[in-house]
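Residues per chain are reported as follows:
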Amino acid sequence: MLTKKLPPLQRFLSLVSRRASHAARQQYDVIVVGGGHAGTEAAAAAARVGAETLLVSQKIQTIGALSCNPSLGGVGKGQLVREVDALDGLCGRAGDWAGIHFSILNRRKGPAVWGPRAQLDRQRYRTFIQSELLSTPRLTVLEGSVEELLLSETNPEEPGTHRVTGIRLANEGTPISASSVILTTGTFLSGSLFVGQSESPGGRIGDAPSSAGLSHTLRERLGLRVGRLRTGTPPRILKDSVDLSLAHLHPPDSLPTPFSFLNTHTRCKPEEQLPCYLTYTTPGVERVVKESLHLNCHIQQDAKGPRYCPSIESRVVRFPGRQHQVWLEPEGLTSDLLYPQGLSMTMPPDIQLRLIREIPPLHKAEIHTPGYGVQYDFVCPTQLSPALQVKSTQGLFLAGQINGTTGYEEAAAQALENLSCYESLWPITGPVGGVNAARSALSMPTVALSRTESYIGVLIDDLVSRGVTEPYRMFTSRAEYRTSLRPDNADLRLTLKGFEEVGCVSPLRYQEAVRVRDSLQEAQAALQTLSLSSPKWRKALPDMGMSETKSTVLTGMDVLHYNDVTFEMLSSAFPESLSRHMEFAQRLKIEAVYKPHCDLQKKEIERIQKEENMSLPQDIDYLTLPVSMSQEVREILDRVRPSTLGAATRLEGMTPAAIVHLLNYVRTAAERERRTQRHLKEERAGDVCKRGVLTSVK
């Protein structure tokens, strides 16, 4: 996988131009507008399941470009990358190809919340994505700007008041038709660039602005609610002008962990990885920010920016007097630039230079490209179905930052969720085993990922049920069942479903997932049959730290749950039954650690399904209910007052955790009421008996 020969960019462009000459006179199943992370994943996925697909991008050279930080993954985000890869997406394999600094974040905590992350080589990543698109059958790439969406009469048998049937390019009169259009416009939808007090149209510096006609269609003709968000990027700094000896060295992991389940190693060898460096802001940085606020119109705008990746101006205004981290990260193996993560700024370029020179390692730094801010339109995602289809418009789907998210990983994940609608739009003819050969929108339901089975499901459910008031970023804390939704088991959770139900997974990946599943089941069965008394376990594993007073019978899975027991230790003690499973040593350890938690969560889900018809008392005071529940959920329950538990589960904004707490409370309250009634009944019976005795005595 990592030894493939990538074609040069010039060949990609020439083939694209040849394909483009045929685009205007073809009928497509799917048209994807935008060549960023959502667009490339959506286009490749649509083509994989058998759809004739057209990808339209304003600038061919920037397809797959890393617009901001050249990195992938992190806490919460790494889980999304692994899930996208499990569904045969591109970004995981691209990260393994282009990574130059690999690390697992959050290692001090349990494996469920580990965050796989990599610093990337910008050019390598873009080249890999373009190569994958070039080699994808049924995918055409076209350079152009979309002027408007084509609308036609609605299908009366489908919900919706509008119907999109294609696009019209700017400066061209010929329409291009399709059964479905997916908009992945990123920050380009009515985008504006800000540097200091200057403003210009655009979604990324160096690129042309998008057509105003597309925004007009969404707002005026389709009547969608559209909001405004903002983001920004830091200046790029010349590496030779930085004194890295004054920063803290942060080396990568000695053994890189690949993102993709298909890869056993990364392209970059361990010894070839580059380090990152950590430094901090100074009081001088705060002084420069405060002195220049009047010259910065971006920070004064009402549009909401990302809370978890704010500009340095926002940090100083919100948290005065604090020291803030600044990571100095390489942009490529041979790049002469550094990316100063934590220094996103939109002040005038000369003041940007003054600011960065207030930081010791950057006291002589030179700026290659100044930082800038972006404001752009987004469509309020509560107007979308879980398949990310616009509820009021047949044939129109949205993915990426247009839905109010931030980050490459969140964008790619939404593109993969669009797969749940692809299979209901056309007959599937791709090489799939479990998908019908002839499916259509009228006869087949969509396939969606739930928040109980994936972080992608959590992301989509949050967007369509709650909406956004600021750019949405994924965290592990958003997933109620995160002990089950781990980075290590995304293939078992999603690859089989992706092949058998959706058709987006290749037979090669499917066969590998089946092999892994069967091997893990065989290994766990071997551990379960390894049943010994506590004294025998202490004798076999003298270093395991088992209490001398413990005298129960334990299986190998039980013992592997101990912190100081590894599968390697068990395999060494029982080589006949366990040594052949060493390939999965880490995964088996993680499975053993989380098995009790996962079993409990599974029972909770089954309880909810079983108790769906449970009546909820109408006099419950949800606002003061003594259970762990967010204020948002309390207000929803108080406003709607559902009659049954099942009705509560279907409310927008409800979470599985809230349902579990509600179920436990109602059951406990009901049991308490039964005990009270029984006690009163017994008391009344006793009183009657006493009165009878007194009467007989008289």
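Residues numbered from 1 in each chain as written. Predicted model: local features only at pLDDT ≥ 70, side-chain atom pairs only at ≥ 80, totals over all residues. Heavy atoms only, no water.

Per its UniProt entry, the protein chain bears the Sequence similarities (unreviewed entry) comment "Belongs to the MnmG family." (UniProt positions renumbered as here; feature names shortened; annotations may be inferred.)

The next subject is the sheet that holds strand β5 (residues 115-120). In spatial order, the strands read β3-β5-β4; together these three strands make up an open sheet with antiparallel pairing. Looking at strand neighbours, the two that pair on one side only are β3 (71-73) and β4 (99-105), the edges of this open sheet. Here the strands of the sheet are splayed against their neighbours by 15° on average, with no regard to which way each runs. As judged from the six bridges shared by β4 and β5, these two strands associate in the antiparallel manner. Counted as the bridge partner of I104 is P116 from β5. Running over the sheet, helix α4 (residues 91-98) touches β3, β4 and β5 and is turned about 115° from β4. (Pairing = 2+ DSSP bridges. Helix = DSSP H or I, 4+ residues; strand = E, 2+ residues; numbered from the N terminus. Axes fitted to C-alpha atoms, helices over the stretch in contact; angles between N-to-C directions. Contact = heavy atoms within 4.5 Å.)

Moving on, we get to helix α3 (residues 77-86). In terms of burial, α3 is a largely internal element, 10 of the 10 residues being buried. Three or more residues of α3 are buried, namely K77, G78, Q79, L80, V81, R82, E83, V84, D85 and A86. A positive backbone phi angle near 70° is found at D88, which sits one or two residues after α3. (Buried < 20%, exposed > 50% of the residue type's maximum accessible area, 1.4 Å probe, protein only.)

Where strand β10 (residues 192-195) lies against strand β11 (residues 198-201), four bridges are found, and the strand directions are antiparallel. From the neighbouring strand, F194 faces β11, where its bridge partner is E199. The hairpin formed by β10 and β11 contains two residues between the paired strands, and G196 there has a positive phi angle of roughly 60°.

Attention now goes to the packing of aromatic side chains. Each aromatic ring pair is summarised here by two numbers: the centre-to-centre distance and the angle between the ring planes. Considering all chains together, one arrives at four aromatic pairs under this definition. Between the aromatic rings of F102 and F259, the centroid separation amounts to 6.4 Å while the plane-to-plane angle is 50°, which identifies the pairing as tilted. Pair noted here: F102 is in strand β4 and F259 is in the loop between β14 (248-250) and β15 (276-280), with a separation of 157 residues, a long-range link. For F102, a relative accessible area of 1% translates into the label buried. The exposure class assigned to F259 is buried, which follows from its relative accessible area of 1%. With a centroid separation of 5.6 Å and 75° between ring planes, the pair formed by W537 and F574 is classed as edge-to-face. Taken together, the positions of W537 in helix α15 (residues 534-540) and F574 in the loop between α17 (567-573) and α18 (575-578) put the pair 37 residues apart, joining distant regions of the chain. Across this residue pair, the class does not change: W537 and F574 are buried. Over the face of the ring belonging to F261 we find R82, whose NZ or CZ atom lies 3.8 Å from the ring centre. (Phe/Tyr/Trp six-rings, centres within 6.5 Å; stacked < 30°, edge-to-face > 60°. Lys NZ or Arg CZ within 6 Å of the ring centre and 35° of its normal.)

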